[in-house]
Amino acid sequence: MVCAGTGCVSAKCFKIKEALERELKKHDLCEEVQIVMTGCNGFCAQGPIMVVQPEGIFYNMLKEEDIPHLVAEHFLKGRPVKKLMFTPPQEKAPVPLMKDIGFFSKQSLLILRNRGLIDPENIDEYIARNGYAAFSKAVTSMAPDEVIAEIRNSGLRGRGGAGFPTAKKWEHCRHAPGEPKYIICNADEGDPGCFQDRSILEGDPHSVIEGMLIGAYAIGSRHGYIYVRNEYPLAIKRFSTALSQARQYGLLGDDVLGTKFSFDISISRGAGAFVCGESSALMASIEGKIGEPRYKHIHATEKGLWDKPTVLNNVKTWASVPSIIRHGAEWFAKIGTETSKGTMVFSLVGKIKNTGLIEVPMGISLREIIYDIGEGLIGDRKFKAVQTGGPSGGCLPESCLDLPVDYESLTEAGSMMGSGGMIVLDEDNCMVDVARYFLDFLKGESCGKCTACRDGIEAMYECLNDICEGKGKEKDIEMLEELAGAVKDASLCGLGASAPNPVLSTIRYFRDEYDAHIRDKKCPAGVCKALIQYSIDAEKCTGCTLCAKKCPSEAITGERKAKHAIDLEKCIKCGVCREVCKFKAVVVN
Amino acid sequence: MSEAKTNDGKIGAALVVGGGIGGMQAALDLADSGIKVYLVDKEPSIGGVMAKLDKTFPTNDCAMCTMAPRLVEVGRNKDIEIISLADVENLSGGPGNFTLTLRKKPRFVKEDKCTGCGTCVTNCPVRNEIYLDVKLDEIKLEDADMSKTTAILERYKGRKEDLIAILQDINAEYRYLPEFVLKYMARKLDVPYSQVYSIATFYTAFSLVPKGKYKISVCLGTACHVRGAQRIMESLERELDIKNGGTTKDMLFSLESVRCIGCCGLAPVFAINEELYGKVSQGKVPQIIEKYRKAEVKDKAYAKT
């Protein structure tokens, strides 16, 4: 099983596959060993990844030249190769089995139940793992109302972030007047630092199709759309392969499985606008218009796409549906907390050792995610904050680490569930800079319809920019808070209404950093260029001249084997010298 | 009410510049507090922008329903004096006591006698001309462009709702959206050119200017940002001597930022066309660019032979 998710593809996993094929052929093992290119395994930091089944032996960070040795040892002599296995950072001995690795053992897979186990471009492998069993159960033995009741009892809530009860949406739409009815799968995953929707589409596209089929049957829809980001070419390719295979098998099209139910799905490609993840903007975009949200006094379930009743759900919501129907609502409702049922998929990224895609039950604590699954921070640096919920979420400090992860707790703490991005920040990250980063993102992505969002975010950005450049004034924090209130209240859609979150949460938990920027004109994390200076520690400098060679502005002088110095007049503070120095002699102050 | 002088020299009158919805409301509020109001507007009549709108944000209420009562009230209120078709030229003094110079533009109608019947408008022989979109046969396309565009349009069977997908294909074909193709396509699809233009400028995937052979997209997603993506962008800007969004003079490289490629495990990341470069550092940037420059020199040499 070789991972062929985007992370591993860019780490050249197809070269590994070719090498494997070559070696297996050489040893005449093609009959015994089958190579399967799977969807994303989740442990992206360690790619390229290969898992040998049935034992479940996990190899990571493979290189082309490792393969001859691996094939000869493992497949020919039956001796798994220890040095290519994963060694947890704190330990010395490698862990051979995938299920014993901390990153995997704490997870519970439901939406991602097929990850790394099937070839996403082959429908038979999905069916062999009980695929489409839930749909045939629904369409042959359940009435549409029973399907909705099952979803209601399971307590499934929208996985796109807002957490609206899925069954309520479906029921509204089912009883809304107007034909035809549409369903939409929202795969416009615009949040930076999130890639779970993409991994699902790339790794298990049929689970989304099956979920949509069940939903269409329950709602009474004949046509569905999936709106995918244009930046995800591989996801689009795999999903369209899956669609044509499902059509061949009679799972899509007219009279599905010989019943009177007909349904088909078309793909709509996005064009790079973050706001199109908002439901009404997304529908406008499918209709071929510019993606501006509209006023929602009438729900999409009554008048959505082409002004017809429409249900829009996130990829993860649709992918959760088949398991609920197959195992029953009770089984699903047992997982999670009182108000948030089931599991959630997060992309755990940033300054964390085990970067990757994880699926955990609702109610798990942030500490468990970061320290048990993520195995702590890179270089064992000090944890500063975790940012959840994408650009509209917030930053939570160490004191919030024991919070259970569910919709309500995160909102209360000033962040949100969002679509499941989890970005870990360490002591080298400046919180004011992070807040400025998100506003810079949102200011570019605001569609410009509402004045408060268009100009308010800009004004807040300018204010934060001044603070980062050392031009902050005493009253700036109060001004930011006032602007935040206005933007929140006077914006039409979720983008504006949640845009101040990153600013408010950083002010709430990291006010001291704002004060340091404004009063002392210092950036404690050493990020904001205007407030820092580079210098060379004469004790540590060995005079290797590397920094002087790499400096783009020729600001570093010094003879070979003599101490170097930085000319502050010429220095553009790019930080190349600090990056290349092998002796950690370049310091920021 | 008269312009009575108070003890501190202030006069009980106020001036409101601009007779839009805000100006009218201000004038009404001032008049209600017992102050004489002069309402000045440069247009022939008050009402401002809102009078030209059908619906207003955010409630989608009918604009005229909101403003008509105010228009009438302003007109009726004896304490509000409307001075229309006038520009403010000069203002001196302070709050409560100032002198103002207005330039009143000629109306060519005796205001005290006009009843607003509108007969002059219907009888005037001079009409404004209406702008018409160019006709289909006036747009000249080269044969190659014509066949490319026709092929793309046929792929979507001329469906208007696939406009975005059509634009994506044109963008992929030309590496930007050429104006003449857009104009031709708009006429063919029977969509107003303004709508095509609004879509072409709204979505970041489209460009109205030609892009370089190699498109460098630097991921500025959150995971890349916290691992120093901004510095990678700056070193690329230095290396190529262009800014984010620019194209080199030799049309070889275009530099742009993208919000998350979704390879957060490899942060910081940038892509050159489809090729991804993960875990990059500032030091590696020049080598990577040099590789493409060398390949280009080779390509050119090959093309000559």
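If you're wondering where the values come from, they're calculated on a predicted model, not measured in any experiment.

Peer 1: So what exactly am I meant to see when it comes to the overall build of chain B here?
Peer 2: Of regular secondary structure, chain B possesses 10 helices and 11 strands. Since a compact globule built from 305 residues should have a radius of gyration of about 19 Å, the 31 Å found for chain B marks it as more spread out than a globular shape. Per-residue burial for chain B yields a buried fraction of 25% across its 305 residues. Put simply, of all contacts in chain B between residues at least 6 apart along the chain, 57% involve residues at least 24 apart.

Peer 1: What is the right way to read the overall build of chain A from this model?
Peer 2: Scanning chain A from terminus to terminus reveals 24 helices and 17 strands. The globule rule puts the C-alpha radius of gyration for 589 residues at 25 Å, and the 26 Å found for chain A is close to it. By its C-alpha atoms, chain A is 85 × 70 × 40 Å across when sized along the principal axes. Counting contacts in chain A only where the partners sit at least 6 residues apart, residues at least 24 apart contribute 71% of the total.

Peer 1: Can you help me understand the pairing of strand β12 (residues 394–397) of chain A in this one?
Peer 2: It is a general feature of regular strands that their side chains alternate between the two faces of the sheet. All names here are of chain A. Here four bridges tie strand β11 (residues 383–388) to β12, and the two strands are oriented antiparallel to one another. Paired with threonine 388 across the two strands is glycine 394, which belongs to β12. Once β11 ends, the chain turns through five residues before running back antiparallel as β12, passing glycine 389 with a positive phi of about 85°.

Peer 1: Before we go on, may I ask you to explain the domain arrangement of chain B in this structure?
Peer 2: By a frequent convention, interface size equals the accessible area lost on bringing the separate parts together. We note that the domain assignment places domain 1 (13–123), domain 2 (136–202) and domain 3 (214–304) within chain B. Distance between the C-alpha centres of domain 2 of chain B and domain 3 of chain B: 30 Å.

Peer 1: I would appreciate a short explanation of the nonpolar core in the present structure.
Peer 2: When a protein is soluble and globular, its nonpolar side chains tend to lie buried together. Membership of the largest hydrophobic core comes to 217 residues, with the highest contact counts inside it found for Ile214(A), Met460(A) and Cys219(B). When near neighbours in sequence (up to four residues on either side) are disregarded, Cys219(B) contacts Cys224(B), Ala229(B), Val258(B), Cys260(B), Ile261(B), Pro268(B), Val269(B) and Phe270(B).

Peer 1: Explanation requested: the interface of chain A and chain B in the structure shown.
Peer 2: Contact with chain A, which involves 48 residues of that partner, is made by 40 residues of chain B. Mapped by element, the contributors of at least two residues to the side of chain A that touches chain B are α1 (6–10), β9 (343–350), β13 (421–426), α17 (431–445) and α24 (576–580) of chain A. Residues of the side of chain A that touches chain B, tallied by class, amount to 22 nonpolar, 19 polar and seven charged.

Peer 1: Honestly, the pairing of strand β2 (residues 36–40) of chain B in this entry has me stumped. Any pointers?
Peer 2: Residues and elements named next belong to chain B. In this structure, strand β1 (residues 13–17) lies alongside β2, joined through five bridges in parallel fashion. Paired with alanine 14 across the bridge in β2 is valine 37. Between the parallel elements β1 and β2, the chain passes through helix α1 (residues 21–32) in a crossover that is right-handed.

Peer 1: Help me out: how do you make sense of the sheet that holds strand β5 (residues 80–83) of chain B in this one?
Peer 2: Neighbouring strands of a sheet are bound in pairs by backbone hydrogen bonds; such pairs are parallel or else antiparallel. All names here are of chain B. Strand order in the open sheet formed by three strands is β1-β2-β5, and the pairing between neighbours is parallel. The open sheet has two free edges, formed respectively by β1 and β5, since each of these has just one partner strand. The mean angle between the axes of side-by-side strands here comes to 20°, regardless of whether they run parallel or antiparallel. As paired elements, β2 and β5 share four bridges and run parallel to each other. Looking across to β5, one finds that leucine 39 is bridged to isoleucine 82. Across the face of the sheet, α1 comes into contact with β1, β2 and β5 while running at roughly 170° to β2.

Peer 1: In this structure, what is going on with the sheet that holds strand β7 (residues 264–269) of chain A? I would like to understand it.
Peer 2: All names here are of chain A. Judged by pairing direction, the sheet is parallel, and its four strands sit side by side in the order β7-β6-β5-β8 without closing on themselves. In this open sheet, the two edge strands, each paired with only one partner strand, are β7 and β8 (310–314). Ignoring strand direction, the axes of neighbouring strands in this sheet form an average angle of 20°. Pairing analysis gives six bridges linking strand β5 (residues 182–187) to strand β6 (residues 223–228), with the strands arranged parallel. Counterpart to tyrosine 182 in the pairing with β6 is histidine 223. Sheet contacts for helix α10 (residues 205–219): β5, β6, β7 and β8; angle to β5, the most-contacted strand, approximately 150°.

Peer 1: Can you help me understand the environment of Lys160(B) in this one?
Peer 2: Along the chain, Lys160(B) turns up in the loop between α4 (143–155) and α5 (163–174). Among the residues examined, Lys160(B) registers 13 C-beta atoms within 10 Å and is labelled partly exposed. Put simply, Lys160(B) and Leu189(B) are 29 residues apart on the chain and 6.2 Å apart in space, counted from C-alpha to C-alpha. If sequence neighbours within four positions are ignored, Lys160(B) has contacts with Gly288(A), Leu189(B) and Val191(B).

Peer 1: Is there a simple way to think about unusual backbone geometry in this case?
Peer 2: Trans peptide bonds make up the majority, and among non-glycine residues the majority have a negative phi. In this structure, the amide linkage connecting Glu179(A) to the following residue, Pro180(A), adopts the cis form with an omega of -10°. The topology assignment puts Pro180(A) in the loop between α8 (166–175) and β5. Note the cis peptide between Ala267(B) and Pro268(B), where omega equals -10°. Looking at where Pro268(B) falls in the secondary structure, it is placed in the loop between β9 (253–258) and β10 (270–272). Even without being glycine, Lys279(B) reaches a positive phi, approximately 45°. Along the polypeptide, Lys279(B) turns up in the loop between β11 (275–277) and α10 (285–304).

Peer 1: Explain the environment of Ser279(A) here, please?
Peer 2: All names here are of chain A. When you line up the elements, serine 279 lands in helix α12 (residues 279–286). For the pair serine 279 and serine 240, spaced 39 residues apart in sequence, the C-alpha to C-alpha distance is 23 Å. Dropping the residues within four chain positions of it, serine 279 is found in contact with Ala300 and Leu312.

Peer 1: Any chance you could explain the environment of Arg381(A) here in plain terms?
Peer 2: Residue and element names in this part refer to chain A. As for its position among the elements, arginine 381 is in the loop between α15 (366–373) and β11. Residues arginine 381 and aspartate 428, 47 residues apart in the sequence, show an inter-C-alpha distance of 8.7 Å. In contact with arginine 381, other than residues within four places in its own chain, are Lys351, Asp426, Glu427 and Asp428.

Peer 1: Sorry, what's going on with the confidence of the model for chain B here?
Peer 2: Should pLDDT be low for a region, the predicted coordinates there are not to be read in detail. In this model, chain B carries a mean pLDDT of 85, and residues with pLDDT of at least 70 account for 94%. Scored by ipTM, the complex comes to 0.79, with pTM at 0.77.

Peer 1: I'm lost on the packing of α8(A) against α10(A) in this one. Help?
Peer 2: Helix-helix packing is described using two parameters, namely the angle between the two axes and the distance between the axes. Residues and elements named next belong to chain A. Two numbers describe how α8 lies on α10: the axes approach to 9 Å, and their chain directions differ by 45°. Considering the angle they form, α8 stands oblique to α10. Only Gly215, Ala218 and Ile219 of α10 make contact with α8, whose side of the interface consists of Trp170, Cys173 and Arg174. Grouping the amino acids of the contact of α8 with α10 by side-chain chemistry returns four nonpolar, one polar and one charged.

Peer 1: It is not clear to me how the packing of helix α6 (residues 133–141) of chain A against helix α13 (residues 315–327) of chain A should be interpreted in this structure. Could you clarify?
Peer 2: Residues and elements named next belong to chain A. Viewed as axis vectors pointing N to C, α6 and α13 meet at an angle of 60°, and their least axial separation amounts to 8 Å. Between α6 and α13 lies a crossing whose hand is left-handed. Packed against α6, whose contacting residues are Ala133, Ala134, Phe135, Lys137 and Ala138, the element α13 presents Pro322, Ile325 and Arg326 at the interface. A class-by-class count of the residues in the contact of α6 with α13 yields six nonpolar, no polar and two charged.

Peer 1: Before we go on, may I ask you to explain α12(A) in this structure?
Peer 2: Given 3.6 residues per turn, any residue in an α-helix points the same way as the ones three and four places further on. All names here are of chain A. The buried fraction of α12 is high, at eight of eight residues. Taken together, the buried positions of α12 are occupied by Ser279, Ser280, Ala281, Leu282, Met283, Ala284, Ser285 and Ile286. At the exit of α12 stands glycine 288, carrying a positive phi of roughly 85°.

Peer 1: In this structure, what is going on with the domain arrangement of chain A? I would like to understand it.
Peer 2: Residues and elements named next belong to chain A. One can read the domain layout of chain A as domain 1 (2–101), domain 2 (123–333), domain 3 (343–426), domain 4 (431–518) and domain 5 (533–588). Distance from the C-alpha centre of domain 3 to the C-alpha centre of domain 4: 22 Å. The interface is formed by 12 residues belonging to domain 3 together with 16 residues belonging to domain 4. Contributing elements (two or more residues each) for the side of domain 3 that touches domain 4: β11 and β12. It is β12 that provides the largest number of residues to the side of domain 3 that touches domain 4, a total of three residues. Here the residues of the side of domain 3 that touches domain 4 sort into six nonpolar, six polar and no charged.

Calculation notes
- Residues numbered from 1 in each chain as written.
- Chains lettered and ligands numbered in written order.
- Predicted model: local features only at pLDDT ≥ 70, side-chain atom pairs only at ≥ 80, totals over all residues.
- Helix = DSSP H or I, 4+ residues; strand = E, 2+ residues; numbered from the N terminus.
- Rg over C-alpha atoms; globule rule 2.2 N^0.38 Å.
- Buried ≥ 20, exposed ≤ 12 C-beta atoms within 10 Å, placed from the backbone.
- Contact = placed C-beta atoms within 7 Å.
- Pairing = 2+ DSSP bridges.
- Domains from an automatic or database assignment.
- Core = buried A, V, L, I, M, F, W, Y, C linked by C-beta atoms within 7 Å.
- Nonpolar A, V, L, I, M, F, W, Y, C, P; charged D, E, K, R; others polar.
- Right-handed = clockwise from strand over helix to strand, strands pointing away.
- Axes fitted to C-alpha atoms, helices over the stretch in contact; angles between N-to-C directions.
- pLDDT = per-residue confidence, 0-100.
- Parallel < 35°, antiparallel > 145°, perpendicular 65-115°, else oblique.
- Left-handed = near helix turned anticlockwise from the far one by under 90°.

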